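Chain residues, written in single-letter form:
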Amino acid sequence: MQCPQRIDVQPAQNGSMKAIALWQPWASLWLSPNKRHETRHWATKHRGRLLVHAAKKIVGDVDPDLGGLLEDEFGVDWETDLPTGTIIGMVDLVDVIPTGRLYLDSVEGTETDDERIDMACGDFSPGRFGWRRGTYWVFREPIPYRGHQQMFNVQYCRVADAIASAREVQGG
């Protein structure tokens with residue numbers, strides 16, 4: 001089955017796209033202006049479009065500063081309102097950087113607001129990697145899908161319509 005190409009998406013020759021499952025609220029945060037880096041304990045060579053899957057697990061016990069940010073972004077009922085078990089959008093993964101090299105110019109207390117917010121949304125401890133996204137797309141309707149650990153493949157035809165109607169947000 002052939003699916004039309006949309007917004008410069010180039011599925012692999014087998015017709016699939018890479019995806020990553022993230023616990024909520026971090027999946028939704030990565031598809032917001034607040035979280036420019038997803039932090040992982042492993043690097044990837046993948047660059048380009050990456051589907052974001054909101055895993056079924058939602059973590060409600062978060063730092064108060066992050067809790068305030070979540071309420072501002074998603075409302076007071078974010079713990080029950082955020083989608084789970086679904087593909088919710090896509091990012092353009094532009095770089096993977098060891099966390100020790102991120103925000104090197106920032107002396108504690110002199111970070112920009114954007115840097116401070118990004119750091120509140122991830123674990124930037126030594127030995128981890130910041131997966132930097134550029135443009136991102138938020139799907140108008142989440143797509144129910146069973147996620148997997150690490151990166152996994154999703155057939156492009158499964159997400160083509162959602163990509164075509166997604167809300168595109170420039171930025172990094």
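Structure's up top.
Residues numbered from 1 in each chain as written. Predicted model: local features only at pLDDT ≥ 70, side-chain atom pairs only at ≥ 80, totals over all residues. Heavy atoms only, no water.

## Section: the pairing of strand β1 (residues 16–24)
Here is step 1: Of all the nine residues making up β1, seven are buried; the element is thus mostly covered by neighbouring parts of the structure.
Here is step 2: Sheet topology note: the β1/strand β6 (residues 151–155) ladder contains five bridges and is antiparallel. Of the residues in β6, the one forming a bridge with Met 17 is Val 154.
Here is step 3: Alignment of β1 against strand β3 (residues 48–58), held across five bridges, turns out to be parallel. Counterpart to Gln 24 in the pairing with β3 is Ile 58. (Buried < 20%, exposed > 50% of the residue type's maximum accessible area, 1.4 Å probe, protein only. Helix = DSSP H or I, 4+ residues; strand = E, 2+ residues; numbered from the N terminus. Pairing = 2+ DSSP bridges.)

## Focus: helix α5 (residues 156–164)
Here is step 1: Taken residue by residue, α5 has Tyr 156, Val 159, Ala 160, Ala 162 and Ile 163 as its buried positions.
Here is step 2: Structurally, α5 contributes buried residues whose contacts are with β1, β3, β4 (86–98), β5 (129–144) and β6. (Contact = heavy atoms within 4.5 Å.)

## Details of the pattern of salt bridges
Here is step 1: This structure, assessed with the given rule, holds five salt bridges.
Here is step 2: The closest approach of N and O atoms between Lys 35 and Glu 38, which form a salt bridge, is 3.3 Å.
Here is step 3: You can call Lys 35 buried: its relative accessible area is 1%.
Here is step 4: Of the charged contacts in the structure, one is a salt bridge between Arg 128 and Asp 123, with a shortest N-O distance of 3.5 Å.
Here is step 5: Taken together, the shared-partner salt bridges connect Lys 35, Glu 38 and Arg 40 into one network. (Salt bridge = Lys/Arg side-chain N within 4 Å of Asp/Glu carboxyl O.)

## Overview of a negative patch on the surface
Here is step 1: Together, Asp 61, Glu 71, Asp 72, Glu 73, Asp 77, Glu 79 and Asp 81 make up a negatively charged patch on the protein surface.
Here is step 2: Where the negative patch is concerned, the elements lending two or more residues are α2 (64–74) and α3 (78–81).
Here is step 3: Looking at which element gives the most residues to the negative patch, the answer is α2, with three residues.
Here is step 4: With respect to the secondary-structure elements, Asp 72 resides in helix α2. (Patch = residues over 30% accessible without salt bridge, like charges linked within 9 Å, V, L, I, M, F, W, Y side chains within 5 Å. Areas by Shrake-Rupley, 256 points an atom, 1.4 Å probe, with all protein chains shown as cover. Lys, Arg positive; Asp, Glu negative; His and termini not counted. Charge placed at Lys NZ, Arg CZ, Asp CG, Glu CD.)

So far we have only geometry, and geometry alone does not tell us how the molecule works.
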